[in-house]
Amino acid sequence: MNRLWRDRRARYGAVVLAAMAFLALAAPLVAPGDPTAQPDVAGTRFVPPLTSDRHGVFHPLGTDRFGRDVWARLAYGARVSLTVSGLAVLVSVAVGAAIGAASGYTAGALSTALLGVTDFALALPRAVLLLLLASLWPPSAALVVVVLGVTGWMPIARLVHGEVRTLSTRPFVEGAVALGARPTRVLWRHILPNALTPIVIAAAFGVGNAITLEAGLSFLGLGVQPPAASWGNMIASGRDTLVNAPWVATAPGIAIALVVVACTLLGDALQDLIAPKGTALHR
Amino acid sequence: MLARLGRRAIAAVVVVVGVVTLTFALLHLAPGDPVEHLLGPAATPAQLAAGRHALGLDRSAAAQFLSWLSGAARGDWGVSTSTGRPVRRLLAEAWPATALLIGLSLLLSYACGVALGAAQAARRGSSTDTALSIATVTLAAIPGYWLGLMLVTLSAYVFHVLPSFGAAGLDADLLSGWARLLDSARHLALPLATLTLIGVGSVARFTRGAMLDIEARPFVTAARAKGAAPWRVLRHVLRNALTPVIILLGLSLPALFSGAVFVEAVFAWPGVGRVLVEAVRARDYPVVMAATTVSAMLVVAGNLLADALAAWTDPRIRSPGA
């Protein structure tokens, strides 16, 4: 942990993610006012950032075309975007770990079939699947979680498969088997805990990816539905007012970029920690 | 080598057939069908039944799938239910736009990305390396459609230099020769820049990593110890680092196509991605089926190409033992 903290990238990533999580949790405290309130549409629409509207209310990031405070929407949108992508990654980790462990620990037809399914799913263009799944059912946050989860498990399955294969030849696993431990116990107590670090790293990269895709779906109108705020549908609604109010679409985009960079850097730092670049261990 | 490519080709066909089957199943599992979209909420059950009969949707799913397959195999992709135009013509108009966009951005982002990554690896740890690392990680993190919107705002509204949507100006049909080419290039500039910029970040990061990996190998130390000039060593390293980069190229095609779907939506670029988005919304079964088939074929063909390229740069892959 200490070694991780000494890495500048890890520090930046952890600080940004913690700040965003705080923003999401403490949204009512840091952004007073309702993110969907439209008290005086004509009077408070398109207030530029860092100015007050005619009622004397200060808007740090300005207001959108319905007079809603962009900062409040950003904070409440963080709740939606972070929760949805976090849950989506949990779904893909669960599915990927299950399939990877099953294909890695068994041999023969089952293993081959599971690997084949994984490779097949990897070759599909994810956007096509996302589009099909997301637009065929009525859009909702839960659907986004499921759709991102079931289209994102393949890299995790590949990774877990490899880890399980390597670990199951290690002496301590052979020892557990010799002692008569059942396969599920060997997998659960001896193999998977040792494969945890690469899974955590893949999950860190996955969260960044999921946030971008969630925003993409909401941007196409297939994700979280207005008036609830998510970073993606904020960009989508800001798209129509790019000329007179560019700040509406700019703020959520910067928020997404910050979070994704934080996830990438944290993942990079973790990866270097277990197998630094330029050493024999790497790859 | 040939046997290897043959195996890959068979796998490619399996993937395309799988995509087609999966798409068909999803379309038919989901609530709503093209007839409901065409006739609207006021349609009576009798009208709906008549509409379904006219489109052949009252047959069993298996019969519909078989008739679509046999039609597609003969080159008959059916008629779009929402526009009434032959799907073949719809896609024949759309796929060159997508192939142009993806192909050019692939070329540009790999050329720039490999150059950047190599430059970074050569000056490892310097402030240039750090600055470029920050730039590339940020580029890789920015959502494509958002980058597109920002570029539109800057170039179309602030600087008034480039058009923000479509593939040709309103007067394109009146132009000829160079003027028309220039018009197309101006319309291509923003979507291409968006898609390329997103790609450059990840390619540069990957190239830098691959080169640092190779640099730690004994043969590089040996070359240095022998007194080889720095550029010679760099050539050895780059040549070896290129194989994983080319394999990444094949693997990144699905992601690139995904990016193109969003970028096409932002710039109203008349490609397969936009056709697909519109068709899925209208439950236009024949168009969705055909567009997914075409996109799967583009991706699979790209993968095969990357495989052949990797074999060409790396003799170890070509040898029968591997």
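Parameters and conventions
Residues numbered from 1 in each chain as written. Chains lettered and ligands numbered in written order. Predicted model: local features only at pLDDT ≥ 70, side-chain atom pairs only at ≥ 80, totals over all residues. Helix = DSSP H or I, 4+ residues; strand = E, 2+ residues; numbered from the N terminus. Buried ≥ 20, exposed ≤ 12 C-beta atoms within 10 Å, placed from the backbone. Contact = placed C-beta atoms within 7 Å. Nonpolar A, V, L, I, M, F, W, Y, C, P; charged D, E, K, R; others polar. Axes fitted to C-alpha atoms, helices over the stretch in contact; angles between N-to-C directions. Parallel < 35°, antiparallel > 145°, perpendicular 65-115°, else oblique. Expected span 1.5 Å × (residues − 1). Core = buried A, V, L, I, M, F, W, Y, C linked by C-beta atoms within 7 Å. pLDDT = per-residue confidence, 0-100. Left-handed = near helix turned anticlockwise from the far one by under 90°.

## Describing the overall build of chain A
Okay, step 1: If you tally the helices and strands in chain A, you get 14 helices and two strands.
Okay, step 2: Each principal axis of the C-alpha distribution contributes one length, and for chain A these read about 75 × 45 × 30 Å.
Okay, step 3: In chain A, which comprises 283 residues, the share counted as buried stands at 47%.
Okay, step 4: If you take every contact in chain A between residues at least 6 apart in sequence, the share linking residues at least 24 apart comes to 68%.

## Concerning the overall build of chain B
Okay, step 1: When helices and strands are tallied, chain B shows 14 helices and zero strands.
Okay, step 2: From first element to last, N terminus to C terminus, chain B shows the α and β order α-α-α-α-α-α-α-α-α-α-α-α-α-α.
Okay, step 3: Seen along its three principal axes, the alpha-carbon backbone of chain B occupies a region of about 85 × 55 × 40 Å.
Okay, step 4: Residue burial in chain B is summarised as follows: out of 322 residues, 37% are buried.
Okay, step 5: Residue pairs in contact within chain B that sit at least 24 positions apart in sequence constitute 73% of those at least 6 positions apart.

## Some thoughts on the interface of chain A and chain B
Okay, step 1: Tallying the contact residues gives 37 residues for chain A and 38 residues for chain B.
Okay, step 2: Mapped by element, the contributors of at least two residues to the side of chain A that touches chain B are α6 (109-123), α7 (126-136), α12 (196-219), α13 (231-239) and α14 (247-274) of chain A.
Okay, step 3: Its residues placed into classes, the side of chain A that touches chain B shows 24 nonpolar, nine polar and four charged.

## Points about the packing of helix α5 (residues 87-122) of chain B against helix α12 (residues 272-281) of chain B
Residue and element names in this part refer to chain B.
Okay, step 1: Following both chains from N to C, one finds α5 and α12 inclined at 130°, their axes separated by 7 Å at the closest point. It follows from the interaxial angle that α5 and α12 lie oblique. Judged by residue contacts, Leu90, Leu91, Ala94, Trp95 and Thr98 of α5 engage Val272, Gly273 and Val275 from α12.
Okay, step 2: Considering only residue class, the contact of α5 with α12 consists of six nonpolar, two polar and no charged.

## So, helix α9 (residues 154-167) of chain A
Residues and elements named next belong to chain A.
Okay, step 1: Between the first and last C-alpha of α9 there are 20 Å, a value that for 14 residues agrees with the 20 Å anticipated at 1.5 Å per step.
Okay, step 2: For α9, the full list of buried residues reads Met154, Ile156, Ala157, Arg158, Val160, His161, Glu163, Val164 and Leu167.
Okay, step 3: Among the structural elements, α5 (70-105), α6, α10 (171-178), α11 (183-191) and α12 are those in contact with the buried residues of α9.

## Regarding unusual backbone geometry
All names here are of chain B.
Okay, step 1: We note that Ala268 has phi near 50°; this positive angle belongs to a residue other than glycine.
Okay, step 2: Mapped onto the elements of the fold, Ala268 is located in the loop between α11 (253-267) and α12.
Okay, step 3: Overall, Ala268 belongs to the partly exposed group, with 13 C-beta atoms counted inside 10 Å.
Okay, step 4: If you check the backbone angles, Arg283 has positive phi at about 50° while not being a glycine.
Okay, step 5: Tracing the chain through its elements places Arg283 in the loop between α12 and α13 (285-313).
Okay, step 6: Taking the C-beta count within 10 Å as the criterion, Arg283 has 22 such neighbours and is therefore assigned buried.

## Thoughts on the environment of A:Leu17
Okay, step 1: Of note, A:Leu17 is situated in helix α2 (residues 8-25).
Okay, step 2: Non-local contacts of A:Leu17, meaning those with residues more than four positions away in its chain, are made with A:Val259 and A:Ala262.

## Focus on the nonpolar core
Okay, step 1: If you look at the biggest cluster of nonpolar residues, it comprises 158 residues, and the most contacted ones within it are A:Leu131, B:Leu276 and B:Ala291.
Okay, step 2: It is α5(A) that provides the largest number of residues to this core, a total of 17 residues.
Okay, step 3: In contact with A:Leu131, not counting residues within four places along its chain, are B:Val261, B:Leu276, B:Val277 and B:Val280.

## Remarks on the confidence of the model for chain A
Residue and element names in this part refer to chain A.
Okay, step 1: Mean pLDDT for chain A: 81, with 92% of residues reaching 70 or above.
Okay, step 2: Predicted confidence in chain A is weakest over helix α4 (residues 41-44), with a mean pLDDT of 66, and strongest over α5, with 89.
Okay, step 3: Considering only residues more than four positions removed or in separate chains, one finds that residues 277-283, a stretch of pLDDT under 50, has 15 contacts.

## Remarks on the confidence of the model for chain B
Okay, step 1: For chain B, the average pLDDT comes to 81, and 93% of its residues sit at 70 or higher.
Okay, step 2: With pTM at 0.79, the complex prediction returns an ipTM value of 0.77.

## Thoughts on the packing of helix α6 (residues 127-141) of chain B against helix α8 (residues 177-215) of chain B
Residues and elements named next belong to chain B.
Okay, step 1: Close contact between α6 and α8 brings their axes to 7 Å; oriented N to C, the two are set at 130°. Between α6 and α8, the angle falls in the class oblique. Read as a crossing pair, α6 and α8 show a hand that is left-handed. The residues of α8 that touch α6, namely those facing Thr136, Val137, Leu139 and Ala140, are Leu197, Ile198, Val200, Gly201, Ser202, Ala204 and Arg205.
Okay, step 2: Grouping the amino acids of the contact of α6 with α8 by side-chain chemistry returns seven nonpolar, three polar and one charged.

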